[in-house]
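The lines below spell out each chain.
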Amino acid sequence: MIRVLLADDQTVVRAGFRALLDLTDDLVTVAEAADGVQAVDLTRTTRPDVVLMDVRMPRADGLEATRRIVADPALDAVRVLVLTTYEADEYVFEALRAGAAGFLLKDIDPDDLRAAIRTVAAGQSLLAPAVTRRVIEEFTRLRAPEAEALRRLEPLTAREREVLALVGRGLSNEEIGARLLMSPLTAKTHVSRVMTKLPARDRAQLVVLAYETGLVRPGEG
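Residues numbered from 1 in each chain as written. Predicted model: local features only at pLDDT ≥ 70, side-chain atom pairs only at ≥ 80, totals over all residues. Heavy atoms only, no water.

Q: Break down unusual backbone geometry for me, citing the residues and quoting the values.
A: With an omega dihedral of -20°, the bond running from L198 to P199 counts as a cis peptide bond. Structurally, P199 is set in the loop between α10 (184-197) and α11 (203-212). Despite not being glycine, R47 shows a phi value in the positive range, around 50°. In this fold, R47 is placed in the loop between α2 (36-46) and β3 (50-54). Its identity as a non-glycine residue notwithstanding, R59 has a phi of 65°, on the positive side. Residue position: R59 is located in the loop between β3 and α3 (62-71). (Helix = DSSP H or I, 4+ residues; strand = E, 2+ residues; numbered from the N terminus.)

In structure tokens:
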């Protein structure tokens, strides 16, 4: 059973998500939060597998709540999935930087939402590709690579930087393997090493870092 915490300041939205989860055998709502502070507090007390986090909430927004959850070592197993109505929201980009496992638009189909929760609960990152790329490109287009981000690349080998760049372009392990003439398992090993060295929680943070350091430029395919 996958345990889910719902964080949204709109009661009707929370009720809709709860009703959806109640109809699913392997998903259960363990708590509801109406603001960011409450979301963090309830996450600490209920230890859900996944937090469905709204972006704009009172007291503390979804970005700040995500930061607090990710920064708490006791909540290392908790995954945050950001839900937003905005396709190009600066908060979404910052949430990915803060450690969110991914984000989706609130108008997502019910079956896709269920699948997203299962994917994130399994420890994988989940991004809505068309939205993610647009958000990241928008907020890196006019920014020079950050010195701190560039220093984070120093532990990586040349091959690992190649792998990071391909992850940033959205390639899967199978596609990375084909591009670099290696098996998907070897590609997966390289990705894992990159995540360990940086460190990064998941592929979502690798995508952000690839753009921040200039390994991937806006508009590149």
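From this point on, the discussion continues.
Q: Explain the packing of helix α9 (residues 173-180) against α10 to me, using residue names and the numbers behind them.
A: Closest axis-to-axis distance for the α9/α10 pair is 8 Å, and the angle between their directions is 105°. By the angle class used here, α9 and α10 are roughly perpendicular. When α9 is examined against α10, the residues N173, E174, I176 and G177 are found in contact with a partner set consisting of P184, A187, K188 and V191. Residue composition of the contact of α9 with α10, grouped by class: four nonpolar, two polar and two charged. (Axes fitted to C-alpha atoms, helices over the stretch in contact; angles between N-to-C directions. Parallel < 35°, antiparallel > 145°, perpendicular 65-115°, else oblique. Contact = heavy atoms within 4.5 Å. Nonpolar A, V, L, I, M, F, W, Y, C, P; charged D, E, K, R; others polar.)

Q: Tell me what's going on with the packing of helix α8 (residues 158-168) against α10, and back it up with residues and numbers.
A: Two quantities define a packed helix pair, namely the angle between the helix axes and the distance between the axes. Running from N to C, α8 and α10 cross one another at 95°; their axes reach a closest spacing of 9 Å. The orientation of α8 with respect to α10, classified from their angle, is roughly perpendicular. Across the interface between the two elements, R159, E160, V163, L164 and V167 of α8 pack against H190, V191, R193, V194 and K197 of α10. Considered class by class, the residues forming the contact of α8 with α10 number five nonpolar, one polar and four charged.

Q: Run through the pairing of strand β5 (residues 102-105), naming residues and quoting values.
A: Residues G102 and L104 of β5 are buried on one face, and the alternating residues F103 and L105, pointing to the opposite face, are buried as well. As paired elements, strand β4 (residues 79-84) and β5 share four bridges and run parallel to each other. Counted as the bridge partner of V82 is F103 from β5. (Buried < 20%, exposed > 50% of the residue type's maximum accessible area, 1.4 Å probe, protein only. Pairing = 2+ DSSP bridges.)

Q: If you had to explain the pattern of salt bridges to someone new, which residues and values would you point to?
A: Between side chains of opposite charge, a pair can form as their charged atoms come close. Going through the model one piece at a time under the given rule, you end up with twelve salt bridges. Across the pair E162 and R159 runs a salt bridge, and its minimum N-O distance is 3.2 Å. Placement of the pair is E162 and R159 together in helix α8, with a separation of three residues, close to one helical turn. Take E162: its relative accessible area is 39%, and that puts it in the partly exposed class. We classify R159 as partly exposed; its relative accessible area is 32%. (Salt bridge = Lys/Arg side-chain N within 4 Å of Asp/Glu carboxyl O.)

Q: Pulling in residues and values, what's your account of the nonpolar core?
A: In this structure, L164, V167, I176, V191, L198 and L206 are the most contacted members of the largest nonpolar core, which totals 24 residues. Elements with a contribution of two residues or more to this core: α8, α9, α10 and α11. When near neighbours in sequence (up to four residues on either side) are disregarded, L164 contacts L153, L156, V194, L198, L206, A210 and L215. A7, V55, V78 and V80 belong to the second-largest nonpolar core, a separate cluster that totals 23 residues. (Core = buried A, V, L, I, M, F, W, Y, C linked by side-chain atoms within 4.5 Å.)

Q: I'd like a description of the pairing of strand β2 (residues 27-33), backed by residues and values.
A: Across a regular strand the side chains alternate sides, sitting on one face of the sheet and then on the other. Pairing of strand β1 (residues 2-7) with β2 involves six bridges; the strand directions are parallel. Within β2, the residue paired with L5 across the bridge is A31. In terms of handedness, the path from β1 via helix α1 (residues 11-22) over to β2 forms a crossover that is right-handed. (Right-handed = clockwise from strand over helix to strand, strands pointing away.)

Q: Let's hear about the side chain of T46: which residues, and what values?
A: Tracing the chain through its elements places T46 in helix α2. In this structure T46 comes out as buried when scored by relative accessible area, which is 18%. A polar contact is formed between the side chain of T46 and the backbone oxygen of L42, at a distance of 2.6 Å. Setting aside chain neighbours within four positions, we find T46 in contact with R3, L5, V30 and A31. (Polar contact = N/O pair within 3.5 Å; in protein donor to acceptor, adjacent residues only side chain to side chain.)

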